[in-house]
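# Survey of secondary and tertiary structure
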Amino acid sequence: MQERLISVELDDWQANGVDSAALAAALEDGKVLYFPKLAFAMSEAEQRFLSPAWSDGKAKNIGYDGAIDKLKGAQGDAADLAALKAMVKRYRESSINLITSLFPHYRQHLRIAQTSFRPSRVEGRVSSWRKDDSRLHVDAFPSRPNHGERILRVFNNVNPQGEPRQWRVGQRFDDVAARYLGQIGRPLPGSAALMNALHITKSRRSEYDHIMLQLHDRMKADPDYQANSPQLAFGFPPGSTWVCFSDQTPHAAMGGQFMFEQTLHLPVNGLHHPECSPLRVLERMRGYRLVA
Ligand code: SIN
Ligand code: FE
């Protein structure tokens, strides 16, 4: 399972002299790209933000939406919030810089989504099994159908006490799909239109989204899968960055505190190897198209 993690010696968010084709092939195959020396620099003054007290207590993460230039889920006075927002925006810029310099081919296809700062501790979070991210899962969100569009995430651990972000990384997507696809039925006729009309979903849920949600749920609800499927436990140390397609790579967060995460979306036709994407894998297995 060690091969699920590809270590890259890079210490600058502006990538230079890397084998872009090889890294893209690994990433699109569902591997985690791990940059042990790629730290996110925080100033002396910004160290004060390493506390869960900046969360407003409602959301577990502090989020930044670039489309409206707004920070959500944070509390503090105006000056503090402005400084916090500037820090999160800097992480966003760094992540975009990393991905576009590593993979110039992605640039024209990327749709930049949320940035999040996660000051809460992973351990001891109580939640339902479905929301429990300490269970191996692929990312799929009930209200946000993506019709096959990819979820690319850039993570960075900024823990000041030397605590790693403890993860488990699971087996290949093909193997996950092979395990569960036979148990997953087709969506109920009319259900996608109804959920859309009721605003349960932000757009119409495709059959692809239906299957991805089912995979997410079935993995999390399966104790045998959680305990016995091939997996790699790994602690990402502070000062390191890691990148994966979280809709493809099974992952679980087991421990740690203080992390940044940037989400970027990419259409299947923006990939170097579209045939490796969850959409194409599932379509090959089903034998028909899963998005209209
Ligand atoms: C997740 O993406 O499921 C959780 C990642 C983390 O909090 O480390
Ligand atoms: Fe996740």
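Below is a summary of the structure that appears in this document.

### Observations regarding the pairing of strand E5 (residues 111-118)
With three bridges joining them, strand E3 (residues 62-65) and E5 adopt antiparallel strand pairing. Bridge pairing in E5 places Gly63 opposite Ser116. Relative to strand E11 (residues 259-266), E5 is paired through six bridges, and the arrangement is antiparallel. In the strand pairing of E11, Ser116 is matched with Glu261.

### A few points about the coordination of the iron ion (ligand 2)
On the protein side, the iron ion (ligand 2) has His137 (NE2), Asp139 (OD) and His251 (NE2) as donor atoms, found 2.1 to 2.2 Å from it. Every donor residue of the iron ion (ligand 2) comes from the same chain, spaced as H-x1-D-x111-H. Of this pair, His137 sits in the loop between E5 and strand E6 (150-157) while His251 sits in strand E10 (residues 251-255), placing them 114 residues apart in sequence. For the pair His137 and His251, a shared accessibility class is recorded, and that class is buried.

### Quick word on the pattern of salt bridges
A full pass over the atoms with the stated rule returns 24 salt bridges. Asp133 is paired through a salt bridge with Lys60; the nearest N and O atoms lie 3.8 Å apart. Here Lys60 lies in the loop between strand E2 (32-35) and E3 and Asp133 lies in the loop between E5 and E6, a separation of 73 residues in the sequence. Residue classification places Asp133 among the partly exposed residues on the basis of a relative accessible area of 28%. Between Asp247 and Arg150 there is a salt bridge, with the nearest N and O atoms lying 2.9 Å from each other. With Asp247 in the loop between strand E9 (241-245) and E10 and Arg150 in strand E6, the pair connects residues that are 97 residues apart, well separated along the chain. Residue Asp247 is classed as buried on the basis of its relative accessible area of 0%.

### A short note on the packing of aromatic side chains
Aromatic ring pairs: the centre-centre distance and the angle between the two ring planes describe each pair. Counted according to the given criterion, the structure contains 17 aromatic pairs. Residues Trp13 and Tyr91 carry aromatic rings whose centres are separated by 5.9 Å and whose planes lie at 80 degrees to one another, so their mutual orientation is edge-to-face. In this pair, Trp13 sits in the loop between strand E1 (5-7) and helix H1 (20-28) while Tyr91 sits in helix H2 (residues 78-102), placing the two residues 78 residues apart along the sequence. The same class applies to Trp13 as to Tyr91, namely buried. Ring geometry for Phe40 versus Phe260: centroids 5.0 Å apart, planes at 65 degrees, classification edge-to-face. Placement of the pair is Phe40 in the loop between E2 and E3 and Phe260 in strand E11, with a sequence separation of 220 residues. Note on Phe260: relative accessible area 0%, which makes it buried. A connected cluster of aromatic rings, assembled from ring pairs, spans Tyr34, Phe155, Trp167, Phe234, Phe236 and Trp242. One cation-aromatic arrangement involves Arg144 over Phe141; the distance from NZ or CZ to the ring centre is 4.5 Å. The side chain of Arg150 reaches across the aromatic face of Phe245, ending 4.1 Å from its centre.

### A short note on a nonpolar patch on the surface
Taken together, the side chains of Leu194, Leu198 and Ile200 define a hydrophobic patch exposed on the protein surface, amounting to about 300 Å² of accessible area. With respect to the helices and strands, the residue Ile200 is situated in the loop between helix H4 (191-197) and helix H5 (207-220). Owing to a relative accessible area of 45%, Ile200 belongs among the partly exposed residues under this scheme.

### What about the packing of helix H3 (residues 173-180) against helix H7 (residues 278-286)?
The interhelical angle for the contact between H3 and H7, taken along N-to-C directions, is 40 degrees, at an axis separation of 10 Å. The angle between the axes of H3 and H7 places the two elements in the oblique class. In this structure, the crossing between H3 and H7 has a hand that is right-handed. Contact residues: Phe173, Asp174, Ala177 and Ala178 in H3; Pro278, Val281, Leu282 and Met285 in H7. Across the contact of H3 with H7, the residue classes break down as seven nonpolar, no polar and one charged.

Analysis parameters
- Residues numbered from 1 in each chain as written.
- Chains lettered and ligands numbered in written order.
- Predicted model: local features only at pLDDT ≥ 70, side-chain atom pairs only at ≥ 80, totals over all residues.
- Heavy atoms only, no water.
- Pairing = 2+ DSSP bridges.
- Helix = DSSP H or I, 4+ residues; strand = E, 2+ residues; numbered from the N terminus.
- Donors = N, O, S within 2.8 Å, 3.2 Å for Na, K, Ca; no water.
- Buried < 20%, exposed > 50% of the residue type's maximum accessible area, 1.4 Å probe, protein only.
- Salt bridge = Lys/Arg side-chain N within 4 Å of Asp/Glu carboxyl O.
- Phe/Tyr/Trp six-rings, centres within 6.5 Å; stacked < 30°, edge-to-face > 60°.
- Lys NZ or Arg CZ within 6 Å of the ring centre and 35° of its normal.
- Patch = residues over 30% accessible without salt bridge, like charges linked within 9 Å, V, L, I, M, F, W, Y side chains within 5 Å.
- Areas by Shrake-Rupley, 256 points an atom, 1.4 Å probe, with all protein chains shown as cover.
- Axes fitted to C-alpha atoms, helices over the stretch in contact; angles between N-to-C directions.
- Parallel < 35°, antiparallel > 145°, perpendicular 65-115°, else oblique.
- Left-handed = near helix turned anticlockwise from the far one by under 90°.
- Contact = heavy atoms within 4.5 Å.
- Nonpolar A, V, L, I, M, F, W, Y, C, P; charged D, E, K, R; others polar.

From the geometry alone we can't say anything about function, so treat these as descriptive.
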